[in-house]
Each structure stands twice: as C-alpha cells, then as structure tokens.
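# Secondary and tertiary structure notes
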Amino acid sequence: MLSRLLGVLTGAQVEPKMSQPYGIAVGPDHRIYVADTFGGTIHVYNLEKPDYSSIKVDGSSLIGIGFTANRMFVTDSASGRLLCLDARGRTQWTLGPKNGFERPTGIATSKERLYVVDTMKHRVVMVSVTGAIVGSFGTRGSEPGEFNFPTNIARSPDGRLFVTDSMNFRVQVFSEDGRLLSTFGRLGDGSGDFDKPKGIAVDSAGHIYVVEGINDVVQIFDDEGKLLLAFGGSGFGEGQFWLPSGIAIANDVVYVADSANRRVQMFEYLKESR
C-alpha cells in the first residue's frame, strides 16, 4: 500500500483565497467542500471540470464540516455553534452555548445523526439531523473512554467512531452509542507516536489515517492500531505539509488540509497488487 500525489487545490487562481483550510468533506454532488477557519468561507471545488464556487458563512472560526439528510453541517468553534445549512448556505437551524456547546470542532455523520466533538467540554455530542441533542459521551480525564481536548472524529462504514484524543496523544474507538471499543497511540516523536493528532479518516479497506499536526505527516494504521505507513514531511513542496489539520477520504482519494501552506493536497490510495 502506498499513496501517490494526485494534485493540489489552492485558492491561488480564484477568489477568495484560502486563509487557513481545516475541515474537508465530499458532498452528495461529489464536489469537495473545504471549511476555511479564518475566512468565514466554504470553498467548493468540482474536480470533474475547472469549476470553483464559495459559500459565505456567518462564522469566524469554521472547523468541522459534514453532510447528511441533504444538509450541510458546519461548526463555528469560536462562537460555540453548530450550523445546519442548505445547499446555498442558508441557515436552517443552529445550536450553541445555550444548548451546552462550548467549542465544537470535528463532525462525523450517519444517516440519522451527527457526532460533534466539543473540545472544551471533553466530550462527543450526538445530535439528530433536525437539531435535537440526543446524548453525549466522554468526560475529562486520561482513563479509557475519557478525553483531554479531543479535536476530530471519523465514522467508518460499520458505524464505529474514531476520535483523536489530542492531549492524551491517542485515538479512541467507540460504538455508535458511545461505548468504548479500543484505544491506540502514545506521546512521542517516533513512527506511530503522536504529538498533536488532528484530523482522522477511514478508507475503504478500514485503514485509519491520522494527521500529525506538529510532525507534518499522515500516519496510517490498521484496524488494531498497528502503523502501516506514513507520508508527508515538513516543507512547502508537493507532498509536504506545514501544520496539516483536516482529512477526508472518498473513492480512495485522500484529501489533506495543508493549513499553513493554504492548500488542500490530494493523494491516491493504491491497493497492493497480487
């Protein structure tokens, strides 16, 4: 298994330029949606033809983005809000501090539910697609099932939830209802270790991709948390990263938000030949 660079999406040729891309999602229209943390903008790219558009969002710190039930969901972390938007970016409903959110960040979706990481509350909040909070799991701590400033979340096709428990330097795996299944990772700067784990995604083979924001690499693990491969490295060239953050995978193409380089890089997952 290896990753081959496909290309780079940037804001260099179109306005507005990317300021600090973070969250990435592939929409039901197969376009790539990129949440720009400081730009108050969602950048939309059609990779089938040269086509770009943008959606302005009433937010100052866009982090997470996801799609389900023909709606787009975005977290505005600084204001503590979760926004539900239609295809044109018009707000359908919001949840915020009055609903218990403090610093919502990463989002994962299923057909009926959103899973929203609330970093400052050290928990994951479960929300219906109509905006009702239906539960949560996690509390601050270092024991299994507890969190210390979690940041991002991914959902596998079988429904498992993978959470980057950033300041515990690990990934925790939960069932759909928040029951702890397993953990992996430790603090360090060696292969398979974590320092500032950020974005997380799962590919079609069940491999787990974790963005290591400080060491500028993406590490790939098997289902049991064993390191398989890492790619990237610090720099400004193609295939290199500078403070990477979000990640998404669709049709075996890996999209990485290369935040400080103000771009998204695309890699192809190549299956081993037999």
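As shown above, the structure is provided for reference.
Residues numbered from 1 in each chain as written. Predicted model: local features only at pLDDT ≥ 70, side-chain atom pairs only at ≥ 80, totals over all residues. Heavy atoms only, no water.

## Comments concerning the pairing of strand β8 (residues 81-85)
Two faces, one strand: in a regular strand the side chains alternate between the faces of the sheet. What counts, and what does not: The rule is simple: take the accessible area with a 1.4 Å probe, protein chains only, and divide by the maximum for that residue type; under 20% is buried, over 50% is exposed, in between is partly exposed. Helix and strand assignments come from DSSP, with helices taken as H or I runs of at least 4 residues and strands as E runs of at least 2, each series counted from the N terminus. Strand pairing requires that DSSP identify at least two bridges connecting the strands.
Most of β8 is tucked away: 5 of the 5 residues are buried. Because side chains alternate across β8, one face comprises the buried residues Arg-81, Leu-83 and Leu-85, and the other comprises Leu-82 and Cys-84, equally buried. Sheet analysis places strand β7 (residues 71-76) next to β8, joined by 5 bridges and oriented antiparallel. Following the sheet pairing, Asp-76 is matched in β8 by Arg-81. Counted between consecutive antiparallel strands, the loop separating β7 from β8 contains 4 residues, among which Gly-80 sits at a positive phi close to 70 degrees. As paired elements, β8 and strand β9 (residues 91-95) share 4 bridges and run antiparallel to each other. Its bridge partner lying in β9, Leu-82 is registered against Leu-95. The hairpin turn running from β8 into β9, its antiparallel successor, is 5 residues long, and Gly-89 in that turn takes a positive phi close to 90 degrees.

## Brief notes about the sheet that holds strand β17 (residues 180-184)
Note the threshold: The convention used is that axes are lines fitted to C-alpha atoms, helices contributing only their stretch in contact, and that angles between N-to-C directions extend from 0 to 180 degrees.
Spatial strand order, β14-β15-β16-β17: 4 strands in an open sheet with antiparallel pairing. Strands at the two margins of the open sheet, each flanked by one partner only, are β14 (150-155) and β17. Looking at each pair of strands side by side, their axes are set apart by 20 degrees on average, direction ignored.

## Some remarks on the side chain of Asn-148
We count it as follows: The definition of a polar contact used here is a pair of N or O atoms within 3.5 Å, where within protein one atom must be able to donate a hydrogen and the other to accept one, and adjacent residues in sequence count solely through side-chain atom pairs. Working rule for contacts: check all heavy atoms of both residues, and any pair within 4.5 Å makes them a contact.
Residue position: Asn-148 is located in the loop between β13 (133-137) and β14. On the basis of relative accessibility, which here comes to 16%, the residue Asn-148 falls in the buried class. A polar contact is formed between the side chain of Asn-148 and the side chain of Arg-140, at a distance of 3.3 Å. Those residues in contact with Asn-148 that lie beyond four places of it in its chain are His-122, Arg-140, Gly-141, Asp-165, Ser-166, Met-167 and Asn-168.

## A short note on unusual backbone geometry
A positive phi angle, close to 55 degrees, is found at Ala-69, a residue other than glycine. Examined against the element boundaries, Ala-69 turns out to sit in the loop between β6 (62-68) and β7. With relative accessibility at 42%, the residue Ala-69 sits in the partly exposed group. One non-glycine residue, Arg-262, lies in the positive phi region at around 55 degrees. Examined against the element boundaries, Arg-262 turns out to sit in the loop between β23 (253-258) and β24 (263-270). Under the relative-accessibility criterion, Arg-262 is labelled exposed at 52%.

## Section: the sheet that holds β8
Read across the sheet, 4 strands follow the order β6-β7-β8-β9 without closing on themselves; strand pairing throughout is antiparallel. Unpaired on one side and paired on the other, β6 and β9 mark the two borders of the sheet. In this sheet, neighbouring strand axes are inclined to one another by 20 degrees on average, regardless of whether the strands run parallel or antiparallel. Sheet analysis places β6 next to β7, joined by 5 bridges and oriented antiparallel. In the strand pairing of β7, Ile-65 is matched with Val-74.

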